[in-house]
Amino acid sequence: YHKALAIKPDYAEAHNNLGNALQDLGKLEESVTSYRKALAIRPDYAEAHNNLGAVFLLLGKSVEALDRSRKALDLDPTLVNSRIVLSGSLEKLVPLWHVPMMNDTLRNDAYLGAMRSAITADTTVLEIGTGSGLLAMMAARLGPREVMTCEAVPLIADMAEKIIAVNGLANSINVIAKKSTDLVVGVDLARRADLLVHEIFSSEFLGEGVLSSIEDAKRRLLVPGARIIPASGSVMIALISGAGIGKNITVDDVSGFDLSMFNAITSNRFHMSRSNLEIELLTDNIEAFTFDFNEGDYFAAEQKTLKIPVKTAGRCYGIIQWNRMRMDDAVVFENHPSKKVLASAWTHAVYVFEKPIYVEPGQTSIVSAMHNRKMPWFALERLS
């Protein structure tokens, strides 16, 4: 290709093919340069737009990859590779858990119930994590003074604005395409808010930076004494059993062969996304860590030992974890493992024992529990 371009420097196909060769060699930045040269010669070169998008996706530049794949499909809707790049870009920018989260009726009802009690005509609302705009629109329909909502992903923020406009609430909600920690009162926000609504919880509760975001909001973006929904939250745990659970997180005898050694190289944390597995809890529901968002200004990392009495005999595979949210004094929501729901963004994390153990009433499980503000972790120390 270099020889071809020495003869004909404006040969767009050679620049594109050189980019492919460089990409195959792992020289991604150099391939970007080649694709750009091809497009400078032929701006309507659909394949070069697609190839540039594919490299951007490999480089972690999902927004740029999305733009290029859309451009390629505008020029040639038959490009299958562009549809693959488009899908990969959207998967990175807008993970699919957004959809079941929006369709989680129990979650939505809990937020709405708490907001009904908190919002008056004088309330200034700040929401962290706009998503589709659903919670902001719920708040706006309750007639507050103002609703401000922020979203860190520009693509999602732009779509939320469109959804809010379609629902007739464009004049009632201010969507800001920024992380909450980048907001500035007097620049992005007209005033500090007296109600904070947030839903930035991961399946492990802490994974989306909820603690640091609330600490920052209380320090800079809220009036003193502002209400927060949820007002508090807990990381819940229990010992878990169930034949279906066991078959999905550990292996022993299969077809007459002992495969148990394979467990030594599998992760000891498992996300249980299936809802059709029978779950048996062998202990009471335990609040491992609790965070009072109204009262606390800083939430330090913690490490503790929990003593959990066994209530039911059974083959125990590990510790299951879920989330509990106290929206206000009256409304509590949790994704308890016993609840079978049609849609939820949260899965249940199971911290798997090295080997299944048989437990029975009268025993106490000694559990080591810790969190580093970003992730919890649990391990069985011993039975006593």
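Our subject is the structure listed above.
Residues numbered from 1 in each chain as written. Predicted model: local features only at pLDDT ≥ 70, side-chain atom pairs only at ≥ 80, totals over all residues. Heavy atoms only, no water.

Participant: Any chance you could break down the sheet that holds strand S1 (residues 124-128) for me, citing the residues and the numbers?
Facilitator: Taken in spatial order, the five strands make up an open sheet running S3-S2-S1-S4-S5, and their pairing is parallel. Each edge of the sheet is formed by a strand with only one pairing partner; in this case those strands are strand S3 (173-176) and strand S5 (222-229). Averaged over all neighbouring strand pairs, the angle between strand axes comes to 25°, with direction disregarded. When strand S4 (residues 193-198) meets S5, the two strands line up parallel, connected through four bridges. Looking at S5, one finds that Ala-193 is bridged to Leu-222. Contacting S1, strand S2 (146-150), S3 and S4, helix H9 (residues 134-141) crosses the sheet at an angle of about 175° to S2. (Pairing = 2+ DSSP bridges. Helix = DSSP H or I, 4+ residues; strand = E, 2+ residues; numbered from the N terminus. Axes fitted to C-alpha atoms, helices over the stretch in contact; angles between N-to-C directions. Contact = heavy atoms within 4.5 Å.)

Participant: So what's going on with the sheet that holds strand S17 (residues 376-383)? Residues and values would help.
Facilitator: Taken in spatial order, the three strands line up as S12-S16-S17 in an open sheet, and their pairing is antiparallel. Each end of this open sheet is capped by a strand with a single partner; those strands are strand S12 (302-309) and S17. Taken pair by pair, the neighbouring strands of this sheet meet at an average axis angle of 25°, ignoring direction. With eight bridges connecting them, S12 and strand S16 (residues 364-371) associate as antiparallel partners. Within the sheet, the bridge partner assigned to Leu-306 lies in S16 and is Val-367.

Participant: Describe the environment of Val-85, and please don't skip the residues or the numbers.
Facilitator: Turning to its location among the elements, Val-85 is positioned in helix H6 (residues 80-93). Expressed as a C-alpha distance, the spacing of Val-85 and Ala-65, which sit 20 residues apart in the sequence, is 7.0 Å. Each residue touching Val-85, except ones within four places of it in the same chain, is listed here: Asn-50, Gly-53, Ala-54, Leu-57, Ala-65 and Ser-69.

Participant: Kindly report on unusual backbone geometry, identifying the contributing residues and their values.
Facilitator: Excluding glycine, most residues fall at negative phi; most peptide bonds, likewise, are trans. Omega for the peptide link from Ile-229 to Pro-230 comes to -5°, which places this bond in the cis form. Mapping Pro-230 onto the fold places it in the loop between S5 and strand S6 (232-241). At Phe-205, a position not held by glycine, the phi torsion is positive, near 80°. Structurally, Phe-205 is set in the loop between S4 and helix H11 (210-220). Looking at Phe-205, the relative accessible area reads 0%, which means it is buried. (Buried < 20%, exposed > 50% of the residue type's maximum accessible area, 1.4 Å probe, protein only.)

Participant: Give me the lowdown on the pairing of S6, citing residues and values where you can.
Facilitator: Counting buried positions over the ten residues of S6 gives ten, a clear majority of the element. Of the strand pairs in this sheet, S6 and strand S11 (residues 286-292) are connected by six bridges, and their pairing is antiparallel. Looking at the pairing, Val-235 lines up with Phe-289 of S11. Where S6 lies against strand S13 (residues 314-326), nine bridges are found, and the strand directions are antiparallel. If you follow Ser-232 over to S13, its bridge partner there is Arg-326. Summarising the sheet, S6 and strand S10 (residues 280-281) pair through two bridges and their orientation is antiparallel. Bridging across to S10, Ser-241 finds its partner in Glu-280.

Participant: Any details on the pairing of S13? Residues and values, ideally.
Facilitator: With eleven of its 13 residues buried, S13 lies for the most part within the structure. Alignment of S13 against strand S15 (residues 348-359), held across seven bridges, turns out to be antiparallel. Residue pairing in the sheet places Gly-314 in a bridge with Val-359 of S15. For S13 and strand S14 (residues 332-334), the ladder comprises three bridges, and the chain directions are antiparallel. When the sheet's bridge partners are listed, Arg-326 is paired in S14 with Val-332. Between the end of S13 and the start of S14, which pair antiparallel, lie five residues.

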